[in-house]
Amino acid sequence: AAASESPQAAAAAASESPQAGAAQHSQPAKASHVTATSEPAQHATPPLAATTPHAEAAPQGCPPTRKPYHVVMTAATGIYQEWQSRIAYYHYLKQKKAGGPCSDIGGFTRLFNSPSAAPDKLMDEIPTLVVKQLGHGSCDECDHGFIVMNRPWGAVQFVETEHFRNIPEEYLFFIETDHMMMRPPLNGATPEKPVGFGFYYMISTDPKLQPVVQKFLDPAIDIRTVDNVGPSPLLVHKAMLKRVARPWWDLSVKMKHDSDANHIFGWVLEMWGYSIAAASLGIRHSVKGMQIEPNAYAGTKDGFEKGYQIFHYTYGIEYRLNGSPQGFNTIGEWSLDKRHYGGAYPPPNLDPPPKQANPSTKWLHAAWNEAITEAGDTWPATNAMGTIGWRREGATADEIQKSALASAVVGSHWTWAGIKTLSFLPAGALKTPWGVGKWGIALRPKGLPACAPPGECLYIDFSGAAHHASFDLSAGTFLSTRVGDGEEVIGKRL
């Protein structure tokens, strides 16, 4: 392998649960799944195959005001959304059981966007409707360089399926993979008025946003009728979703081709596509604070969960080990962030947050741990780090002096999978054939017995990848394990 290759290429060359309780009255023993095709950009076509969603018997003795809804979780391919989907489904089942037979929670569908509508390994675990994922590029059925375009595209396909027509509930509750139900939400929607969450960054009269909103809004429509909601979380009548799905998609595509909208709306462009399309159809929403999106600075109090239905873990939660927030736009000494697990499942038994952490942090930590533990042996083994060890700024001189391993390694030079030269420089600086990086003492790496005290390991981070290395100094070798996929590389001292 040549030094110009990536380190990955070089290495390759060298080397009674809530589920059970809820299933009795909510889901069949084996999750149903169907496949839908996409239709041409302007015309809907029938799906190739469809099955009838599981219909529940009408509960006896429930109030006549009960309005059950079907939970629809939009999802895409990849490990990142796979493990999130499993946690979300676990908490759906938990809250369905907690709500009892008269709660508004009905059945469940994972609306799964997949290339060529291919199934995945969760098909038998979570009730799923597969729709065709957009291709890459700028064609009629392409994502225009914005993967979230699959959400309106999936909705367009969804409303044309037999699966959609056979859903027994009249209402739908749209959630995302990083949403966890905290308690059974009541259905406050009506056939004429959906319920959405109010996003503070989607105010149509904001001076920065208003000119772009007006660009896509009929002049006869009052801009103040554009509600600050997106398509999730959203409680909506089935007929209304069918009415808005195509305009939502068409407007999102139109805005992606507009430089102003693309720049100003950015990563929430398709949310604006939904909001403006709904306003253009005369649809107004009941805007509610149904979800919480806290970080380490959130001023939550004990019992906060009674005021919300959804926990949206969109922000990383970053603390120092002494219990104070680490700061903004930085990784904490204690860190719980979904983005750490883009290539591997989070491990079980995540280390708890500091005692001084806010209640919402403690709730989220417990909710993840509970879902992972209940999954048992079906949760894949992983060597990904837990909540401690992600903050890796390079070893300081003091840290090096206090570590026997770091003191022995600083200033030394090694091979990486036979390739020269990996240099451990002072102040935690790392020089490699693939660019600079950082090194330091690894804190509590998961799944590596050699690193458990009194043993020591180092982290070796470069080229966008994190590694943990155990050293045999007498032999002049180290064994590196890449965080996430566990790929191993041998290094030798020069």
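Residues numbered from 1 in each chain as written. Predicted model: local features only at pLDDT ≥ 70, side-chain atom pairs only at ≥ 80, totals over all residues. Heavy atoms only, no water.

Engineer: Report on helix α7 (residues 238-256), specifying residues and quantitative values.
Structural biologist: For α7, which comprises 19 residues, the first-to-last C-alpha distance of 27 Å matches the rise-based estimate of 27 Å (1.5 Å per residue) to within 8%. Along α7, the helix axis deviates most sharply at Val244, where the bend reaches about 35°; the proline Pro247 sits within four residues downstream. If you check which residues of α7 are buried, you get Lys238, Met240, Leu241, Val244, Ala245, Trp248, Trp249, Leu251, Ser252, Val253, Met255 and Lys256. (Helix = DSSP H or I, 4+ residues; strand = E, 2+ residues; numbered from the N terminus. Expected span 1.5 Å × (residues − 1). Bend = angle between axes of the 7 residues up to and from the residue. Buried < 20%, exposed > 50% of the residue type's maximum accessible area, 1.4 Å probe, protein only.)

Engineer: Lay out helix α3 (residues 79-99) in plain terms, naming residues and giving numbers.
Structural biologist: Residues that lie three or four places apart on an α-helix share one face, since the helix turns once every 3.6 residues. With 21 residues, α3 should reach 30 Å at 1.5 Å per residue; the first-to-last C-alpha distance of 30 Å fits that figure. Positive phi appears at Gly100, one or two residues downstream of α3, with a value of about 80°.

Engineer: Tell me about the pattern of salt bridges, and please be specific about residues and values.
Structural biologist: Opposite charge on two side chains permits pairing when their charged atoms draw close. In total, this model carries 18 salt bridges according to the counting rule given. Where Glu270 meets Arg151, a salt bridge forms, and the shortest distance between an N and an O atom there is 2.3 Å. Remark: Arg151 occurs in helix α4 (residues 150-158) and Glu270 occurs in helix α9 (residues 269-280); sequence separation between them is 119 residues. Across the pair, Arg151 and Glu270 agree in class, each one buried. Lys215 serves as the salt-bridge partner of Asp260, at 3.0 Å between the closest nitrogen and oxygen. Within this pair, whereas Asp260 is found in helix α8 (residues 259-265), its partner Lys215 is found in helix α6 (residues 210-215), the two being separated by 45 residues in sequence. Through salt bridges that share partners, Arg151, Glu176 and Glu270 make up one connected network. (Salt bridge = Lys/Arg side-chain N within 4 Å of Asp/Glu carboxyl O.)

Engineer: Quick rundown of the sheet that holds strand β15 (residues 419-424)? Include the residues and the values.
Structural biologist: Strand order in this open sheet of eight strands is β14-β15-β16-β17-β18-β19-β20-β21, and the pairing throughout is antiparallel. Of all strands in the sheet, those with a lone pairing partner are β14 (413-416) and β21 (488-492), marking the two edges. The mean inter-strand angle of the sheet, taken between neighbouring strand axes irrespective of direction, is 30°. Here five bridges tie strand β17 (residues 435-441) to strand β18 (residues 458-462), and the two strands are oriented antiparallel to one another. Bridge pairing in β18 links Lys438 to Asp461. (Pairing = 2+ DSSP bridges. Axes fitted to C-alpha atoms, helices over the stretch in contact; angles between N-to-C directions.)

Engineer: Please provide a residue-by-residue account of the packing of α4 against α7, values included.
Structural biologist: Contact geometry of α4 with α7 gives a least axis separation of 8 Å together with a crossing angle of 145°. For α4 against α7, the interelement crossing comes out left-handed. For the pair α4 and α7, the contacting residues are Arg151, Pro152, Trp153, Ala155, Val156 and Phe158 in the first and Leu241, Ala245, Arg246, Trp248, Trp249 and Ser252 in the second. The residue makeup of the contact of α4 with α7, split by class, is nine nonpolar, one polar and two charged. (Left-handed = near helix turned anticlockwise from the far one by under 90°. Contact = heavy atoms within 4.5 Å. Nonpolar A, V, L, I, M, F, W, Y, C, P; charged D, E, K, R; others polar.)

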